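# Inside the fold
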Amino acid sequence: MKIATWNVNSIKVRLPNLLAWLKEAEPDVVCLQELKCVDDAFPRSAIEDAGYNVETHGQKTYNGVALLSRSPMEDVSRGLPGMEDDEQARYIEALVPAGDTMLRVASIYLPNGNPAPGPKYDYKLDFMAKLHTHAQALLAHEEPLVLAGDYNVIPKAEDVHDADAWADDALFLPETRLAFQSIGNLGLTDAFRACHTTPHRYSFWDYQGGAWQKDHGIRIDHLMLSAQAADRLSACDIDKHVREWEKPSDHVPVWAELDFGPA
């Protein structure tokens, strides 16, 4: 079972790329972020025609997350528990069939947090604290779980082209990395790092400053797996070539393969 995460940075602009990648990569479940549209404006029919069920949690102009699945989804919930008053659409979760069991998967668009310090950074840390609490509750079910998305967190120096250049950025501040590590310490595995030890593999390159051409990237898109999912992990990679396509997102898909038995 192939599960992917991709910040598309506007589903309307990136729809041709998304459809091309779905055909090429053939994922079973896709977690999308930064839709930049309300639910009614999501290009549902085009994606359904590509063979996917669709669940969205949209927002006008900003944010927005979605789940695409080849199988119908169950127990869909929108919004991060503990942040019911939050107007920003940053979290959607559902159950999807996976062989002879069910997989719980979430698409997460964690706040950027810049400038830091400041209210935006406070919001980022509060979101991460609420995500920690919710992840802990989900892990208590002892089921296959994938918390995927754009975490806007650079975990370590090996995940950024120049650690010094990002030292004061909200994505790389010690408090940010500690909060991410705390979530991982609950018993979640970073799928990419479980499969690759090579440093300086990235999932994001800024549009400015020739970042893509210079390979000045960062790794901020993560698939975090419960023990029951990590035990089934067989592969994980970053589809870097998608960044070369016409009108690309500044992020590229990251995917993991989990081995489930037949239904």
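This text gives an overview of the structure that appears in the document.

Turning next to the overall build of the protein chain. Broken down by element type, the protein chain carries seven helices and 14 strands. For the protein chain, whose C-alpha radius of gyration is 17 Å, the value lies close to the compact-globule estimate of 18 Å for 263 residues. Taken along its principal axes, the extent of the C-alpha atoms in the protein chain is 50 × 40 × 40 Å. Counting every position in the protein chain, which comprises 263 residues, the buried fraction comes to 54%.

Under the counting rule described, the total for this entry stands at five aromatic pairs. Arranged with centres 5.5 Å apart and planes meeting at 70 degrees, the rings of Trp 6 and Trp 21 form a pair that is edge-to-face. Taken as a pair, Trp 6 in strand 1 (residues 2-7) and Trp 21 in helix 1 (residues 11-25) lie far apart in primary sequence, 15 residues in all. Pairing Trp 205 with Trp 212 gives two aromatic rings, centres 4.9 Å apart and planes at 85 degrees, and the pair type is edge-to-face. There is no split in this pair, since Trp 205 and Trp 212 are both buried. In this structure an aromatic cluster arises from ring pairing among Tyr 202, Trp 205 and Trp 212. For Lys 2, the ring lying beneath its charged end belongs to Trp 255, and the centroid distance is 4.4 Å. The positively charged end of Arg 90 is found above the aromatic ring belonging to Tyr 109, 4.8 Å away from the centroid.

For the rest of this paragraph, the subject is helix 1. The terminal C-alpha atoms of helix 1 lie 18 Å apart, and with 15 residues this falls more than 12% below the ideal 21 Å at 1.5 Å per residue. Taking the largest bend as the criterion, helix 1 deviates by roughly 35 degrees, centred on Asn 17. As for helix 1, its buried residues are in contact with strand 1, strand 2 (29-33), helix 2 (44-49) and strand 4 (65-69). Looking one or two residues beyond helix 1, the residue adopting positive phi is Glu 26, at roughly 55 degrees.

Attention shifts here to the pattern of salt bridges. Applying the stated criterion across every chain yields a total of 13 salt bridges. One salt bridge connects Lys 36 with Glu 34, and the closest N-O pair in it is separated by 3.7 Å. By relative accessible area, which is 31% here, Lys 36 ends up partly exposed. According to the relative accessible area criterion, Glu 34 is buried, its value standing at 14%. Of the charged contacts in the structure, one is a salt bridge between Asp 215 and Lys 240, with a shortest N-O distance of 3.6 Å.

Here the largest pocket is characterised by a volume of approximately 470 Å³. Per-class residue counts for the lining of the largest pocket are eight nonpolar, nine polar and eight charged. Taken together, 16 residues make up the lining of the second largest pocket; nearest its centre are Pro 155, Lys 156, Phe 180, Gln 181 and Asp 190. Looking at the lining of the second largest pocket element by element, the count peaks at four residues for helix 4 (residues 174-184).

What follows is about the nonpolar core. Counting 54 residues, the largest nonpolar core has Leu 18, Trp 21, Leu 32, Phe 42, Leu 68, Val 146 and Leu 223 as its most contacted members. The element best represented in this core is helix 1, accounting for six residues. Sequence-distant contacts of Phe 42, that is, excluding residues within four places in its chain, are made with Ile 11, Leu 32, Leu 35, Cys 37, Ile 47, Val 54, Thr 56, Ala 66 and Leu 68. Ranked by size, the runner-up nonpolar core spans 22 residues in total, among them Leu 80, Tyr 123, Phe 127 and Met 224.

Right, let's talk about the environment of Ala 191 for a bit. Along the chain, Ala 191 falls in helix 5 (residues 191-195). Ignoring sequence-local partners within four residues, the contact set of Ala 191 consists of Leu 223, Leu 225, Leu 233, Cys 236 and Ala 256.

Along the chain, Asp 150 turns up in strand 8 (residues 145-150). A distance of 2.9 Å separates a polar atom in the side chain of Asp 150 from a polar atom in the side chain of Asn 7. Of note is the side chain of Asp 150, whose polar atom sits 3.0 Å from the backbone nitrogen of Asn 152. What Asp 150 contacts, discounting residues up to four positions off in sequence, is Thr 5, Asn 7, Gln 33, Ile 108, Tyr 109, Leu 110, Ile 220, Asp 221 and His 251.

Cut-offs and rules
- Residues numbered from 1 in each chain as written.
- Predicted model: local features only at pLDDT ≥ 70, side-chain atom pairs only at ≥ 80, totals over all residues.
- Heavy atoms only, no water.
- Helix = DSSP H or I, 4+ residues; strand = E, 2+ residues; numbered from the N terminus.
- Rg over C-alpha atoms; globule rule 2.2 N^0.38 Å.
- Buried < 20%, exposed > 50% of the residue type's maximum accessible area, 1.4 Å probe, protein only.
- Phe/Tyr/Trp six-rings, centres within 6.5 Å; stacked < 30°, edge-to-face > 60°.
- Lys NZ or Arg CZ within 6 Å of the ring centre and 35° of its normal.
- Expected span 1.5 Å × (residues − 1).
- Bend = angle between axes of the 7 residues up to and from the residue.
- Contact = heavy atoms within 4.5 Å.
- Salt bridge = Lys/Arg side-chain N within 4 Å of Asp/Glu carboxyl O.
- 1 Å grid on protein atoms, 1.4 Å probe; cavity = no way out; pocket = protein on both sides within 12 Å on 5 of 7 lines; lining within 4 Å.
- Points joined across faces, edges and corners; volume = space filled by probe spheres on them.
- Nonpolar A, V, L, I, M, F, W, Y, C, P; charged D, E, K, R; others polar.
- Core = buried A, V, L, I, M, F, W, Y, C linked by side-chain atoms within 4.5 Å.
- Polar contact = N/O pair within 3.5 Å; in protein donor to acceptor, adjacent residues only side chain to side chain.

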